[in-house]
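# Observations on the model geometry
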Amino acid sequence: MIAPSILSADFANLERELKDIATAGADWVHVDVMDGHFVPNLTIGIPVVESLKKVSPLPLDVHLMIEKPERFIEGFIKAGSDYLTIHVESTDKPLEVLRKIRALGAKPGITLRPGTPLDSILPFLNEVDLVLVMTVEPGFGGQSFMMDQVEKMKFLKEERTRRGLKYLIEVDGGVNEKTVGFCKDADVLVAGSYVFRHDYKKAIQTLKS
Ligand code: DX5
Ligand code: ZN
């Protein structure tokens, strides 16, 4: 599946962008939420997610890059997040937060910065519907794919089989026509600049094929 990141979309025309990526074959829309603390950038918040939900033909895959996400998950779920992914480094109670996300009716996801060892999320794999592998330092679109993160996807796929789990593996950061070949172990590809800077349909087809 392909989840274009609207971080690279035209923010003055998000409704049109959502409809255009859906027509072009996207499966989900990836929504990057940044707070200026967990990452050195500010993007969108709960009211924007609520507005996106009203017009989006696609499920909202919301990636929270915020300190202490427990303060806001209820708001993001009420706003219409389908998948809600938190960073393991952003809270001291990931298990509680993941369970609360599920209890509130969304699908919980876990992710980690490139420098964080995979060990940090292993205790939570049986609690999540999505595991997101970051292949750039979170904060900005348009960065280069970090090859040294590829083995995390492979390990997560093997671990899923070993433990009989069903989480989806998603990759985010620097995915384009050249790096997509290294992402064969992922089920969902996030792509921001690659999709929005090209013909949407061609870009999505290229990633899928
Ligand atoms: C980075 C974000 C990504 C970003 C990807 O913090 O999580 O979703 O938008 O953008 P590209 O595909 O341009 O690397
Ligand atoms: Zn993201």
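Residues numbered from 1 in each chain as written. Chains lettered and ligands numbered in written order. Predicted model: local features only at pLDDT ≥ 70, side-chain atom pairs only at ≥ 80, totals over all residues. Heavy atoms only, no water.

### Regarding the packing of helix α1 (residues 14-23) against helix α2 (residues 46-55)
- One way to put it is that α1 packs onto α2 with a least axis distance of 10 Å and a crossing angle of 50 degrees. It follows that α1 is oblique to α2 by the angle criterion. Where α1 crosses over α2, the handedness of that crossing is right-handed. Every residue of α2 that contacts α1 at Leu 14, Glu 15, Leu 18 and Lys 19 is listed here: Val 48, Leu 52 and Val 55. (Axes fitted to C-alpha atoms, helices over the stretch in contact; angles between N-to-C directions. Helix = DSSP H or I, 4+ residues; strand = E, 2+ residues; numbered from the N terminus. Parallel < 35°, antiparallel > 145°, perpendicular 65-115°, else oblique. Left-handed = near helix turned anticlockwise from the far one by under 90°. Contact = heavy atoms within 4.5 Å.)

### Overview of the sheet that holds strand β4 (residues 83-87)
- As summarised here, the arrangement of the eight strands in space is β1-β8-β7-β6-β5-β4-β3-β2, forming an open sheet in which the pairing is parallel. For this open sheet the edge positions go to β1 (2-4) and β2 (29-34), each flanked by a neighbour on one side alone. In this sheet, neighbouring strand axes are inclined to one another by 25 degrees on average, regardless of whether the strands run parallel or antiparallel.
- Across three bridges, the pairing between strand β3 (residues 60-65) and β4 is parallel. (Pairing = 2+ DSSP bridges.)

### Thoughts on the site of ligand 1
- Around ligand 1, the surrounding shell holds 20 residues, and the nearest of these are Asp 32, Gly 139, Asp 172, Gly 192 and Ser 193.
- At 2.7 Å from an oxygen atom of ligand 1 is found a side-chain nitrogen or oxygen belonging to Asp 172.
- One of the side-chain nitrogen or oxygen atoms of Ser 193 is found 2.5 Å away from an oxygen atom of ligand 1.
- When ligand 1 is considered free in solution it has 380 Å² of accessible area, and contact with the protein chains removes 100% of it.
- With three residues, β2 is the largest single contributor of residues to the shell around ligand 1.
- When its residues are assigned to classes, the shell around ligand 1 shows eight nonpolar, ten polar and two charged. (Near = heavy atom within 4 Å. Polar contact = N/O pair within 3.5 Å; in protein donor to acceptor, adjacent residues only side chain to side chain. Areas by Shrake-Rupley, 256 points an atom, 1.4 Å probe, with all protein chains shown as cover. Nonpolar A, V, L, I, M, F, W, Y, C, P; charged D, E, K, R; others polar.)

### What to know about the coordination of the zinc ion (ligand 2)
- Looking at the zinc ion (ligand 2), one finds its protein donor set to be His 30 (NE2), Asp 32 (OD), His 63 (ND1) and Asp 172 (OD), positioned 2.0 to 2.3 Å from the metal centre.
- For the zinc ion (ligand 2), the six donor atoms in the first shell make angles of 69 to 167 degrees at the metal, so the coordination geometry reads as octahedral.
- One chain supplies every donor to the zinc ion (ligand 2), and in sequence these donors are spaced H-x1-D-x30-H-x108-D. One end of the pair, His 63, is in strand β3; the other, Asp 172, is in strand β7 (residues 168-172), with 109 residues separating them in the sequence.
- Owing to a relative accessible area of 0%, His 63 belongs among the buried residues under this scheme. (Donors = N, O, S within 2.8 Å, 3.2 Å for Na, K, Ca; no water. Tetrahedral: all angles 85-135°; square planar, octahedral: opposite > 155°, others 65-115°. Buried < 20%, exposed > 50% of the residue type's maximum accessible area, 1.4 Å probe, protein only.)

### Things to note about helix α4 (residues 94-103)
- Those residues of α4 that sit buried are Pro 94, Val 97, Leu 98 and Ile 101. One side of α4 holds all its buried residues, which, seen down the axis, span an arc of 100 degrees. In α4, the exposed residues that point more than 90 degrees away from the buried face are Glu 96 and Ala 103.
- Those residues of α4 that are buried are in contact with α3 (73-78), β4 and β5 (107-112). (Arc of directions from axis to C-beta.)

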